[in-house]
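If you want the building blocks of each chain, they are given just below.
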Amino acid sequence: MIAEEHISRLVIRSIGSNVQNEKVIIDGFYFTWNTENLENKQVGCLSWIDRRNNEESMCLYVPIYKE
């Protein structure tokens, strides 16, 4: 739920950039942040290791409108 609460803010903040494997701490939990600026959208993914030692991830994109 922590990833879900923060991913939209991270994607919007990263518009126009490309980031690979940036380590971020959110509310005391460790995540890996990746974002990519594509032609008409910004895509961002958070990944983490859960309590059962499985890798989990959540991705979101926002459209970028050009005038």
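Structural data are supplied above this passage.
Quick summary incoming for the structure in this document. (Residues numbered from 1 in each chain as written. Predicted model: local features only at pLDDT ≥ 70, side-chain atom pairs only at ≥ 80, totals over all residues. Heavy atoms only, no water.)

**Here's the deal with the pairing of strand β2 (residues 29–37)**
Next, step 1: Here strand β1 (residues 19–26) runs beside β2; their pairing, made up of 6 bridges, is antiparallel. Residue pairing for β2: K23 is matched across the bridge by T32.
Next, step 2: Between β1 and β2, which pair antiparallel one after the other, the connecting turn spans 2 residues, and D27 there sits at a positive phi close to 50 degrees.
Next, step 3: Between the end of β2 and the start of strand β3 (residues 41–49), which pair antiparallel, lie 3 residues. (Pairing = 2+ DSSP bridges. Helix = DSSP H or I, 4+ residues; strand = E, 2+ residues; numbered from the N terminus.)

**Digging into the layout of surface pockets**
Next, step 1: Of the pockets and cavities examined, the largest pocket occupies roughly 280 Å³.
Next, step 2: For the largest pocket, the full set of lining residues is M1, I2, A3, E4, F29, Y30, F31, W48, I49, D50, R51 and M58.
Next, step 3: At the level of elements, α1 (2–13), β2 and β3 are the ones that each hand at least two residues to the lining of the largest pocket.
Next, step 4: Of the residues that constitute the lining of the largest pocket, the class distribution is 9 nonpolar, no polar and 3 charged. (1 Å grid on protein atoms, 1.4 Å probe; cavity = no way out; pocket = protein on both sides within 12 Å on 5 of 7 lines; lining within 4 Å. Points joined across faces, edges and corners; volume = space filled by probe spheres on them. Nonpolar A, V, L, I, M, F, W, Y, C, P; charged D, E, K, R; others polar.)

**Focus: the sheet that holds β1**
Next, step 1: Taking strand neighbours across the sheet as the criterion, the 4 strands line up as β1-β2-β3-β4 in an open arrangement whose pairing is antiparallel. The sheet is open, and its two borders are formed by β1 and β4 (55–63), each paired with just one other strand. The average angle at which neighbouring strand axes cross in this sheet is 25 degrees, direction not considered.
Next, step 2: On top of the sheet, α1 reaches β1, β2, β3 and β4; it is set at about 40 degrees to β4, its chief contact. (Axes fitted to C-alpha atoms, helices over the stretch in contact; angles between N-to-C directions. Contact = heavy atoms within 4.5 Å.)

**Some points on the nonpolar core**
Next, step 1: In terms of nonpolar packing, the biggest core is built from 11 residues, these being A3, I7, L10, V11, V19, V24, I26, F31, W33, L46 and V62.
Next, step 2: Those elements that place two or more of their residues in this core are α1, β1 and β2.
Next, step 3: In terms of residue count, the dominant contributor to this core is α1 (4 residues).
Next, step 4: Residues within four places of L10 in sequence aside, it is in contact with I26, W33 and L46. (Core = buried A, V, L, I, M, F, W, Y, C linked by side-chain atoms within 4.5 Å. Buried < 20%, exposed > 50% of the residue type's maximum accessible area, 1.4 Å probe, protein only.)

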